Amino acid sequence: MRDQGYGGGMSGVQVTPLARGVLITLVSLYVFQLLLVKSATLSGMVEALYLWPLATGNWRIWQPLTSLLVNGPTPLAAFFDWLFLFFILGPVETLMGTRRFLRAIAAVLLFSAGATFLFDAAGMLSMSAIEPAYMGLNPVMVALLVLFGLAMPNAQILLFFVLPIRASWVAWVSGLLALLFFLFTPTLGTSMSLFGWIGAYLWSSSSTGMWKRFLLRRKQAQLERELERFQVIDGGKKDDDWVH
């Protein structure tokens, strides 16, 4: 990942203590997860951590959080998720600051899980026969792309470690893909990804002033409507004008 115009540019990979701790935790949990899956008596514990549709009767209040900690299912899929976090987690944290970064991720996950729950409760999501439950880091990874891409639009991300693409393009394309996947198959997984993108966009917009500018323009328009109620009466002298 290269950046143009951010503190002289990013050099190397930024692995912050938080990023290192997250990666170590995820790898450790995955090893433990594989051990549980191989156990005939404990394999059901892993499935209880998935995010299940309400219609199955297996939904539990902790699943929106624990489903993020269940990686895979294959080691290769889990590895690519960790590799993605390895390259982007540190730069986004450094860009935003640790506290603000954690607040942003927490807000995005709450928004994604809450919106997905409402869609599921309204019967607007379908259950995949191949993957009836959801697990993974998709909403987090999508959010990281948005938070970085909209904050540093001119930065360059090496797609497949070869093709340099502007970060803003990656952010917007990821949103388009999330929408298309959701419209094609509206499941728990595609819903979590789509609303993860929307949540990150809303957070980024409010943080960069886009939302504030929208509210300011709205307030200005309201003020102009209020001023239209007043009428200026010419009293003959400029100093004697009265406003009613």
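A short tour of the structure in this document, coming up. Keep in mind that this is a model prediction, so the values were computed, not measured.

1. Quick word on the overall build of the chain
Here's step 1: When helices and strands are counted, the chain shows 9 helices and 4 strands.
Here's step 2: Looking at the 244 residues of the chain, the share that counts as buried comes to 36%.
Here's step 3: Sequence-distant contacts, at least 24 apart, represent 68% of the contacts inside the chain between residues at least 6 apart.
Here's step 4: For the chain, the exposed area adds up to about 14,800 Å²; of that, 68% sits on carbon and sulfur atoms.

2. A short note on the nonpolar core
Here's step 1: Counting residues in hydrophobic clusters, the biggest one holds 36 residues, and the most contacted among them are Leu85, Val92, Phe101, Leu144, Leu147 and Phe148.
Here's step 2: Elements that contribute at least two residues to this core include exactly helix H1 (17-38), helix H4 (75-96), helix H5 (98-121), helix H6 (138-151), helix H7 (167-184) and helix H8 (188-208).
Here's step 3: Sorting elements by how many residues they give to this core places H6 first, with 10 residues.
Here's step 4: Membership of the second largest hydrophobic core comes to 8 residues, among which are Leu51, Tyr134, Phe182 and Met192.

3. Some details on the layout of surface pockets
Here's step 1: Empty space within the second largest pocket amounts to approximately 360 Å³.
Here's step 2: Together, 17 residues line the second largest pocket, and Val22, Ile105, Leu109, Leu137 and Val140 are the ones closest to its centre.
Here's step 3: At the level of secondary structure, the elements contributing two or more residues to the lining of the second largest pocket comprise H1, helix H3 (63-69), H4, H5 and H6.
Here's step 4: The element contributing the most residues to the lining of the second largest pocket is H5, with 5 residues.
Here's step 5: Considering only residue class, the lining of the second largest pocket consists of 16 nonpolar, 1 polar and no charged.

4. Regarding the packing of H6 against H7
Here's step 1: Taken N-terminus to C-terminus, the directions of H6 and H7 make an angle of 140 degrees; their axes are 7 Å apart at the nearest point. The angle between the axes of H6 and H7 places the two elements in the oblique class. The crossing of H6 and H7 is left-handed. Residues Leu145, Val146, Phe148, Gly149 and Leu150 of H6 lie in contact with H7, whose contacting residues are Ala167, Ser168, Val170, Ala171, Trp172 and Ser174.
Here's step 2: Residues that form the contact of H6 with H7 fall into these classes: 8 nonpolar, 3 polar and no charged.

5. Some details on the packing of aromatic side chains
Here's step 1: In the structure shown here, the tally under the stated rule is 12 aromatic pairs.
Here's step 2: When the centroid spacing of 6.0 Å and the interplanar angle of 65 degrees are considered together, the rings of Phe119 and Phe182 count as edge-to-face. Taken together, the residues span a long stretch of sequence, with Phe119 in helix H5 and Phe182 in helix H7 at a distance of 63 residues.
Here's step 3: Look at Phe119 and you get partly exposed, because its relative accessible area is 23%.
Here's step 4: Among the residues examined, Phe182 registers a relative accessible area of 10% and is labelled buried.
Here's step 5: A network of ring pairs unites the aromatic residues Phe111, Phe119, Phe182 and Phe195 as a single cluster.

6. Some remarks on the packing of H4 against H6
Pairs of packed helices are described in terms of their axes, by the angle between the two and the distance that separates them.
Here's step 1: The geometry of H4 relative to H6 is characterised by a closest axis approach of 10 Å and an angle of 40 degrees between their N-to-C directions. As judged from the angle between their axes, H4 and H6 are oblique. As for how H4 packs across H6, the hand of that crossing is left-handed. Between H4 and H6, the residues in contact are Asp81, Phe84, Leu85, Ile88, Leu89, Pro91, Val92, Leu95 and Met96 and Met141, Leu144, Leu145, Leu147, Phe148 and Ala151, respectively.
Here's step 2: For the contact of H4 with H6, the residue count by class is 14 nonpolar, no polar and 1 charged.

7. A few points about unusual backbone geometry
Here's step 1: Omega for the peptide link from Gly72 to Pro73 comes to 10 degrees, which places this bond in the cis form.
Here's step 2: Position of Pro73 relative to the elements: it lies in the loop between H3 and H4.

Rules used throughout
Residues numbered from 1 in each chain as written. Predicted model: local features only at pLDDT ≥ 70, side-chain atom pairs only at ≥ 80, totals over all residues. Heavy atoms only, no water. Helix = DSSP H or I, 4+ residues; strand = E, 2+ residues; numbered from the N terminus. Buried < 20%, exposed > 50% of the residue type's maximum accessible area, 1.4 Å probe, protein only. Contact = heavy atoms within 4.5 Å. Areas by Shrake-Rupley, 256 points an atom, 1.4 Å probe, with all protein chains shown as cover. Core = buried A, V, L, I, M, F, W, Y, C linked by side-chain atoms within 4.5 Å. 1 Å grid on protein atoms, 1.4 Å probe; cavity = no way out; pocket = protein on both sides within 12 Å on 5 of 7 lines; lining within 4 Å. Points joined across faces, edges and corners; volume = space filled by probe spheres on them. Nonpolar A, V, L, I, M, F, W, Y, C, P; charged D, E, K, R; others polar. Axes fitted to C-alpha atoms, helices over the stretch in contact; angles between N-to-C directions. Parallel < 35°, antiparallel > 145°, perpendicular 65-115°, else oblique. Left-handed = near helix turned anticlockwise from the far one by under 90°. Phe/Tyr/Trp six-rings, centres within 6.5 Å; stacked < 30°, edge-to-face > 60°.

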